[in-house]
Amino acid sequence: MTTAPDPAMSRAPGPAPARHLFVSDVHLDDGAPEAQRQFLDFLRTEAAGARALYILGDLFEAWVGDDDGSGDRASVLAALRDLTGSGVACFLLHGNRDFLIGDDFCRRTGCQLLPDPVIAELDGERVLLTHGDALCTDDHAYQELRTTVRTPIWQRRFLSLPLPDRQLLASEARAGSRAHTTRTIPQIMDVNAAAVAAAFAAARVSRMIHGHTHRPAVHDALLEGRPVQRIVLGAWYEQGSYLIREAGRYELRTLPR
Ligand code: MN
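Along every chain, residues carry numbers that run from 1 in the direction the sequence is written. It should be noted that, the model being predicted, local features are given only for residues of pLDDT at least 70 and side-chain atom pairs only at 80 or more, the latter also being counted only at that level, while totals for whole chains, interfaces and linings use all residues. Each side-chain value is worked out from all heavy atoms of the structure, with water and hydrogens disregarded.

Visitor: Where do I start with the overall build of the protein in this structure?
Guide: On a plain count of helices and strands, the protein comes out with seven helices and 11 strands. Radius of gyration: over C-alpha atoms. The globule rule applied is 2.2 Å multiplied by the number of residues raised to the 0.38 power. On C-alpha atoms alone, the protein measures out to a radius of gyration of 18 Å, which is about the 18 Å that the 2.2 N^0.38 rule sets for 257 residues. Seen through its principal axes, the protein has C-alpha atoms that stretch 50 × 45 × 35 Å. When a residue's accessible area, from a 1.4 Å probe over protein chains only, is under 20% of the maximum for its type it is buried; when over 50% it is exposed; and in between it is partly exposed. A burial count over the protein gives 48% of its 257 residues as buried. At a minimum sequence separation of 6, the contacts of the protein that also span at least 24 residues come to 69%. To be clear on the numbers: accessible area is Shrake-Rupley with a 1.4 Å probe, and residue cover counts the displayed protein chains and nothing else. For the protein, the accessible area works out to roughly 12400 Å², and carbon and sulfur atoms hold 55% of it. Here the positive residues are Lys and Arg and the negative ones are Asp and Glu; neither His nor the chain ends is included. Every charge is mapped onto a representative atom, which is NZ of Lys, CZ of Arg, CG of Asp or CD of Glu. Seen as two clouds, the 28 positive and the 33 negative side-chain charges of the protein have centres 3 Å apart. Secondary structure counts use DSSP, requiring at least four H or I residues in a row for a helix and at least two E residues in a row for a strand, with both numbered from the N terminus. The contact criterion used throughout is that any non-hydrogen atoms of two residues lie within 4.5 Å.

Pasting the structure below:
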């Protein structure tokens, strides 16, 4: 499994303990300007004092290609550029909504795209990071769709379509996703316990952080007698939400809106 670079290596140690921040499921969308304002604020305040920001997928409600400059995307890209330009490392994983974020996005923002899943080294602690959708193995319909849209041939064909066609297809896909979410029982859309156990075992870590399910929580468990912890990040639909790691301690925080 891939290991993410440690931003500590490229930055001189400061007097204050390093902060690592994690967000996911911000779902930035022109139809939700308050969430967008709050996220830009978060980048300029909390994130600006961090060593690194990890965005674990679904930063955008939809992303149909790096050539889509519609809406407020430019201000989001500029804010990320300001953050990375000030020396805060920013890492990004694909979510199920924005898996078409590509090299051009990274070049313009200074963010580094990481594979999903990936192991991050945080002050020497190995932590598994993943968006989380791949753990929802009980949702067979979704997993089938995921397999299709992650193939290079599907992505090449989709990206070769004119931008307005891609935007239309994305809004149809979102409507389809809403319908699927409405008629699928909630347990089906949560992570599968065996998939979680397999991910812990494959990565040989005792902590994982993911989003996607919009059920922020810290789950402690024993896996074959070994204590493991799964931290789930929250979505930004109703309020801001992030995880902070400081001096080896983790805390989920909400930002009221
Ligand atoms: Mn998701």
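Visitor: Which parts of the structure should I look at to understand the packing of aromatic side chains?
Guide: Aromatic rings in a pair are described by how distant their centres are and how their planes are angled relative to each other. Note on aromatic pairs: the rings of Phe, Tyr and Trp (six-membered ring only in Trp) are paired at centre separations within 6.5 Å, and the planes decide the class, stacked below 30 degrees, edge-to-face beyond 60, tilted for the rest. Scanning the model with the defined rule gives 11 aromatic pairs in all. When the centroid spacing of 4.6 Å and the interplanar angle of 40° are considered together, the rings of phenylalanine 60 and tryptophan 63 count as tilted. Like tryptophan 63, phenylalanine 60 is buried. Between tryptophan 154 and phenylalanine 158 the ring centres are 5.0 Å apart and the planes differ by 10°, which places this aromatic pair in the stacked class. One end of the pair is tryptophan 154 and the other is phenylalanine 158, both in helix 5 (residues 152–159) and four residues apart, which spans about a single turn. Each member of the aromatic cluster is reached from another via a ring pair, and the members are Phe39, Phe42, Trp236 and Tyr242.

Visitor: What should I look at first to understand the sheet that holds strand 5 (residues 118–122) in this one?
Guide: Adjacent strands of a sheet pair through backbone hydrogen bonds, lying either parallel or antiparallel. A pair of strands is labelled paired if DSSP reports no fewer than 2 bridges between them. An order of 5-6-7-9-8 is seen for the five strands of this open sheet, with the pairing classed as mixed. Edge positions in the sheet fall to strand 5 and strand 8 (217–223), since each of these pairs with one other strand and no more. The average undirected angle you get between the axes of adjacent strands in this sheet is 25°. Sheet topology places strand 5 next to strand 6 (residues 125–130); five bridges connect them, and they run antiparallel. What counts as an axis is a line fitted to C-alpha atoms, over the stretch in contact for a helix, and the angles between N-to-C directions run from 0 to 180 degrees.

Visitor: Quick question: what am I supposed to make of the packing of helix 1 (residues 33–44) against helix 2 (residues 73–85) here?
Guide: How two helices pack is summed up by the angle between their axes together with the distance between the axes. At their nearest, the axes of helix 1 and helix 2 sit 10 Å apart, and the two run at 10° to each other. Taken together, the axis directions place helix 1 and helix 2 in an arrangement best described as roughly parallel. In the packing of helix 1 onto helix 2, the handedness of the crossing is left-handed. Residues Gln36, Leu40 and Leu43 of helix 1 form the contact with helix 2, whose participating residues are Ser75, Val76, Ala79, Leu80 and Leu83. Its residues placed into classes, the contact of helix 1 with helix 2 shows six nonpolar, two polar and no charged. For classification purposes, an angle smaller than 35 degrees is called roughly parallel, one larger than 145 roughly antiparallel, one from 65 to 115 roughly perpendicular, and anything else oblique. We call a crossing left-handed when the near helix sits turned anticlockwise from the far one by less than a right angle, and right-handed when that turn is clockwise. Gly is put with the polar residues, along with every residue not named as nonpolar or charged; the nonpolar set is Ala, Val, Leu, Ile, Met, Phe, Trp, Tyr, Cys and Pro, and the charged set is Asp, Glu, Lys and Arg.

Visitor: Hey, could you run me through the coordination of the manganese ion in this one?
Guide: Each donor-metal-donor angle in an ideal tetrahedron of four donors is 109.5 degrees, and each such angle in an ideal octahedron of six donors is either 90 or 180 degrees. Counted as donors are N, O and S atoms no farther than 2.8 Å from the metal, or 3.2 Å for Na, K and Ca; water is not among the atoms, and sites may therefore look incomplete. Around the manganese ion, the protein supplies Asp58 (OD), Asn96 (OD1), His131 (NE2) and His212 (ND1) as donor atoms, at distances of 2.1 to 2.2 Å. For the manganese ion, the single-chain donor residues occur in sequence as D-x37-N-x34-H-x80-H. Here aspartate 58 is found in the loop between strand 2 (52–56) and helix 2, whereas its partner histidine 212 is found in the loop between strand 7 (207–210) and strand 8, with 154 residues between them in sequence. A relative accessible area of 1% places aspartate 58 in the buried class.

Visitor: In this structure, what is going on with the nonpolar core? I would like to understand it.
Guide: Soluble globular proteins tend to pack their nonpolar side chains together in the buried interior. Only buried residues count toward a nonpolar core, which is a set of Ala, Val, Leu, Ile, Met, Phe, Trp, Tyr and Cys residues joined through side-chain atoms within 4.5 Å. Phe42, Leu43, Leu53, Leu59 and Phe105 are the most contacted members of the largest nonpolar core, which has 37 residues in total. Sorting elements by how many residues they give to this core places helix 2 first, with five residues. Apart from the residues within four sequence positions on either side, phenylalanine 105 is in contact with Leu59, Phe60, Trp63, Asp66, Leu77, Leu80, Leu92 and Cys111. Among the nonpolar cores identified, the runner-up in size contains 19 residues, and Leu93, Val118, Ala120 and Ile209 belong to it.

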